[in-house]
Amino acid sequence: MLLLEKLNFSWFNRLPLIRQSQATECGLACLGMIAHYHGHEIDMIGLRGRFTTSLKGATLADIISVAQQLHLQSRALRIELDELSKLRLPCILHWEMNHFVVLKRVSGKKVILHDPARGIREVPLKEVASAFTGVALELLPSASFAPRQEKVRISMRKLIGSVTGVRSAFVQVLILSIALELFGVLSPFFMQWVMDMVLVSADYALLNLLGIGFIMIALFQTLITALRSWVMSCFSSQLSVQWTSNVCHHMLKLPLDWFEARHVGDVLSRYGSLNSIQSTLTTRFISTVLDGVMSIVTVVMLCIYNVPLTSLVIALFIAYAMLRFTAFDPMRRASEEQIISAARTQSSLLETLRGIQAIKTHNKQMPRLAAYMNSLVDSTNKSIVMEKLTILFGSAQGLLTSVGRVVLVWLAALQVLNGHFSAGMLTAFISFADQFISRGAGLINAIIDFRMLRMHGERLADIVLSETEPRHEGDANPFEPEPAHQDIVLNAVSFRYAAADPWIIEDASLTIKAGESIAIVGASGQGKTTLAKIILGLLQPQKGSLSVGGVDIAQAGLVRHRNRIGCVMQDDILFSGSIAENISFFDSQPDYARITRVARLAQIHGDIMRMPMNYQSLVGDMGSFLSGGQLQRLLLARALYRQPQILLLDEATSHLDLPNEAQINAAIRRMNITRIIIAHRPETIRSADRIVRLRDGKLSETAAEHIFTDTAMERTDG
């Protein structure tokens with residue numbers, strides 16, 4: 001029943017389903033659906049390019065503000081459940097206190113929702129009562145609204161990038177396919193000539209000649225088929241390596257906030273769409289399309305035999321094509337839901353594995369298992385729906401093909417009985433008809449698969465078409481030596497994650513002299529780490545500028561800028577490998593003398609020498625066997641190995657005991673580099689030459705005694 005309803009409305013429904021890519025852009029996706037319904041065709045790529053979303057999510061006021069920019073009038077309502085049918089549909093509903101969905105239709109005791117996170121859903125009113133918060137938003141076109149097309153075109157060339165060898169492989173496959181087509185045309189004549197010429201005249205010599213000739217044809221056909229498969233295999237491997245490298249290279253150049261806004265499982269799922277596209281394009285798409293186009297020769301041969309019967313063959317082909325295109329919408333929707341559900345399941349498992357320590361200490365194994373099993377069951381159910389649709393349409397195709405062939409043989413046999421065909425001609429005609437149907441069906445399947453690739457293309461486009469970090473002339477030679485002493489200047493810097501968010505940093509100005517040590521302090525949540533990321537060039541301020549040595553880092557180049565900085569952030573990790581590899585950050589030519597020297601500076605050398613394999617000891621998964629203090633000291637050694645001009649430490653010694661912290665502070669203080677320290681501990685703050693407070697987005701210089709007094713008061717108030 002569900003399948004039939006989907007089929008009935010797929011051709012007439014103007015309300016699309018737009019999926020959210022980020023965890024907090026459900027409101028934006030809902031607006032895109034309703035704008036599309038009224039004639040403004042826009043997708044998530046276009047919406048995301050025009051409107052930034054906060055990592056904390058969107059409020060109803062944020063959605064109304066974006067709706068105005070899309071020229072949609074809005075009316076927010078608080079209603080009861082029995083008033084849903086009175087709303088102007090489609091409209092947006094506030095759902096489960098932290099989500100937005102589009103209400104498409106109220107039908108009896110259920111509603112139809114377009115959920116940007118879970119797809120099209122039929123929800124009973126009983127479930128609506130527990131999820132709907134009572135807040136609805138009606139949206140209608142304003143006087144300035146105009147239908148227009150604003151979808152971002154996704155070309156395969158943009159998705160693939162720069163790949164060599166495509167043209168030569170295509171030419172080779174084309175030549176081999178033409179040769180196979182010629183051999184395919186000759187094959188049906190064997191049975192016709194044997195039946196009509198050999199058997200009638202009992203000509204043994206002709207039989208032997210035909211047998212040897214067609215054996216040679218079969219041999220050449222097999223060799224050419226194998227050669228074409230080999231060419232396709234080589235091309236597939238070459239494309240896979242180049243394409244995967246291109247996508248990974250692009251993804252690693254994306255800004256930090258792109259990764260922070262997405263679940264790891266969803267990013268991996270989108271990256272996995274690359275394999276689906278590459279597999280479809282290389283394993284059979286090119287050869288199938290060429291075979292389908294070359295089947296025109298087969299149609300010509302059929303017409304030579306009998307035009308009315310050829311019309312029947314073409315009619316069977318058209319019926320098959322209509323059936324496949326009818327199945328496309330429900331199959332695409334089911335496939336997309338299955339992929340997204342599988343990504344959600346993967347994210348749940350990755351989160352569980354990543355947080356296993358917290359799960360065990362809080363005895364939450366069973367709730368996490370239940371959450372994972374719910375996701376797994378949902379993914380399995382989506383797979384079952386896919387299987388049902390595959391079986392249903394597969395059975396319909398099989399029935400059409402079987403019945404069509406019986407009718408074709410029936411009518412062809414009548415032609416033989418009426419004297420218009422010989423027995424050999426019947427055999428050859430049926431063989432040509434089978435060739436045409438199989439090749440034509442392959443062509444239709446390839447077209448359907450190519451259309452299905454758009455779904456994977458849209459998912460992959462979230463990676464490939466997203467804007468990378470800006471590159472400038474300075475990045476062309478990022479390792480060119482820098483002047484030794486350069487001041488850092490923040491000039492009226494302001495930053496927030498989205499236009500509707502409050503400013504985290506506002507009109508902040510600060511000058512840090514070369515070689516100076518400065519401590520940035522403030523209560524938790526005031527934006528100290530955000531400020532550190534701006535200094536590192538990980539976040540770009542909306543207003544103001546950051547310059548080093550009088551040159552804006554945006555002009556100098558971010559790669560060049562980061563090469564002069566060593567940093568330890570709060571959430572930094574180690575990677576699988578040895579202690580030495582992690583300190584040198586897997587340098588291709590590590591300097592072991594420098595590794596030992598920076599380990600001593602970071603007060604970790606003694607601990608390393610007590611390990612079984614010293615500097616070749618493996619750190620485990622993200623440094624899992626190390627203590628918090630050891631991990632921080634290794635990260636500090638990694639930062640010092642870069643021989644930075646600027647050292648930025650964000651709570652880098654918070655897990656250390658006081659003697660170790662004092663020794664590290666003394667060692668860093670003796671270094672002739674600029675030091676930026678973010679800390680709460682008095683011992684670390686006192687090691688700085690200057691102290692700057694960040695409060696309510698503003699920077700202000702203060703004395704040490706004021707900091708410690710204010711900090712004590714803040715703790716007392718808390």
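The preceding data block contains the structure.
These lines cover the structure that appears in this document, whether it is placed above or below. (Residues numbered from 1 in each chain as written. Predicted model: local features only at pLDDT ≥ 70, side-chain atom pairs only at ≥ 80, totals over all residues. Heavy atoms only, no water.)

Some remarks on the packing of aromatic side chains
Counted under the stated rule, the structure contains seven aromatic pairs. Geometrically, the ring pair formed by Trp193 and Phe214 is edge-to-face, given 6.1 Å between the ring centres and 65 degrees between the ring planes. With Trp193 in helix α8 (residues 189–201) and Phe214 in helix α9 (residues 204–252), this pair connects stretches of sequence that are 21 residues apart. Accessibility expressed as a relative area gives 30% for Trp193, which makes it partly exposed. Relative to Phe436, the ring of Phe317 lies with its centre 5.4 Å away and its plane at 55 degrees, an arrangement referred to as tilted. (Phe/Tyr/Trp six-rings, centres within 6.5 Å; stacked < 30°, edge-to-face > 60°. Helix = DSSP H or I, 4+ residues; strand = E, 2+ residues; numbered from the N terminus. Buried < 20%, exposed > 50% of the residue type's maximum accessible area, 1.4 Å probe, protein only.)

A few points about the sheet that holds strand β17 (residues 690–695)
Sheet strands pair by backbone hydrogen bonding; their relative direction is either parallel or antiparallel. Spatial strand order, β14-β15-β16-β11-β17-β18: six strands in an open sheet with mixed pairing. The open sheet has two free edges, formed respectively by β14 (565–568) and β18 (698–702), since each of these has just one partner strand. Sheet twist, expressed as the mean angle between neighbouring strand axes with direction ignored, is 20 degrees. Bridge analysis of β17 against β18 gives five bridges, and the strand direction is antiparallel. Residue pairing across strands places Ile691 opposite Thr702, the latter belonging to β18. (Pairing = 2+ DSSP bridges. Axes fitted to C-alpha atoms, helices over the stretch in contact; angles between N-to-C directions.)

Quick notes on the pattern of salt bridges
Enumeration according to the criterion identifies 12 salt bridges in this entry. Here Lys110 makes a salt bridge to Glu122, at a shortest N to O gap of 3.4 Å. A residue pair is termed long-range when its members are at least 10 positions apart, and Lys110 in strand β5 (residues 110–115) and Glu122 in strand β6 (residues 119–124) qualify at 12 residues. Residue Glu122 is classed as partly exposed on the basis of its relative accessible area of 35%. (Salt bridge = Lys/Arg side-chain N within 4 Å of Asp/Glu carboxyl O.)

Let's talk about helix α16 (residues 423–464)
For α16, built from 42 residues, the straight-helix expectation of 62 Å at 1.5 Å per residue is met to within 8% by its first-to-last C-alpha distance of 58 Å. The axis of α16 is deflected most strongly, by about 30 degrees, at Glu458. Across the 42 residues that make up α16, a large majority, 30, are buried. (Expected span 1.5 Å × (residues − 1). Bend = angle between axes of the 7 residues up to and from the residue.)

Some remarks on the sheet that holds strand β3 (residues 91–95)
Read from one edge of the open sheet, six strands run β2-β7-β3-β4-β5-β6, paired in antiparallel fashion. With one partner strand each, in any of the chains shown, β2 (72–78) and β6 form the two edges of the open sheet. Sheet twist, expressed as the average angle between the axes of neighbouring strands with direction ignored, equals 35 degrees. Of the pairings in the sheet, the one linking β5 to β6 comprises six bridges and is antiparallel in character. Within the sheet, the bridge partner assigned to Asp115 lies in β6 and is Gly119. Strand contacts of helix α4 (residues 60–69): β2, β3, β4 (99–107) and β7 (132–141), with the helix running at about 10 degrees to β7, the strand carrying the most contacts. (Contact = heavy atoms within 4.5 Å.)

Structural notes on the packing of helix α12 (residues 296–305) against α16
Between α12 and α16, the least distance of the axes is 9 Å, while the angle of their chain directions is 150 degrees. As the angle between them shows, α12 and α16 are arranged roughly antiparallel. The two elements α12 and α16 meet at a crossing, and its hand is left-handed. Two secondary-structure elements touch here, α12 through Thr298, Val299, Met301, Leu302 and Tyr305 and α16 through Met425, Ala428, Phe429, Phe432, Ala433, Gln435, Phe436 and Arg439. Taken together, the residues of the contact of α12 with α16 break down into 10 nonpolar, two polar and one charged. (Parallel < 35°, antiparallel > 145°, perpendicular 65-115°, else oblique. Left-handed = near helix turned anticlockwise from the far one by under 90°. Nonpolar A, V, L, I, M, F, W, Y, C, P; charged D, E, K, R; others polar.)

Description of the packing of helix α13 (residues 307–354) against α16
The relative placement of two packed helices comes down to the angle between their axes together with the axis-to-axis distance. Their axes nearest at 9 Å, the elements α13 and α16 cross at an angle of 25 degrees. Taken together, the axes of α13 and α16 are roughly parallel relative to one another. In terms of crossing hand, the pair formed by α13 and α16 is right-handed.

Geometric values such as these leave the question of function open.
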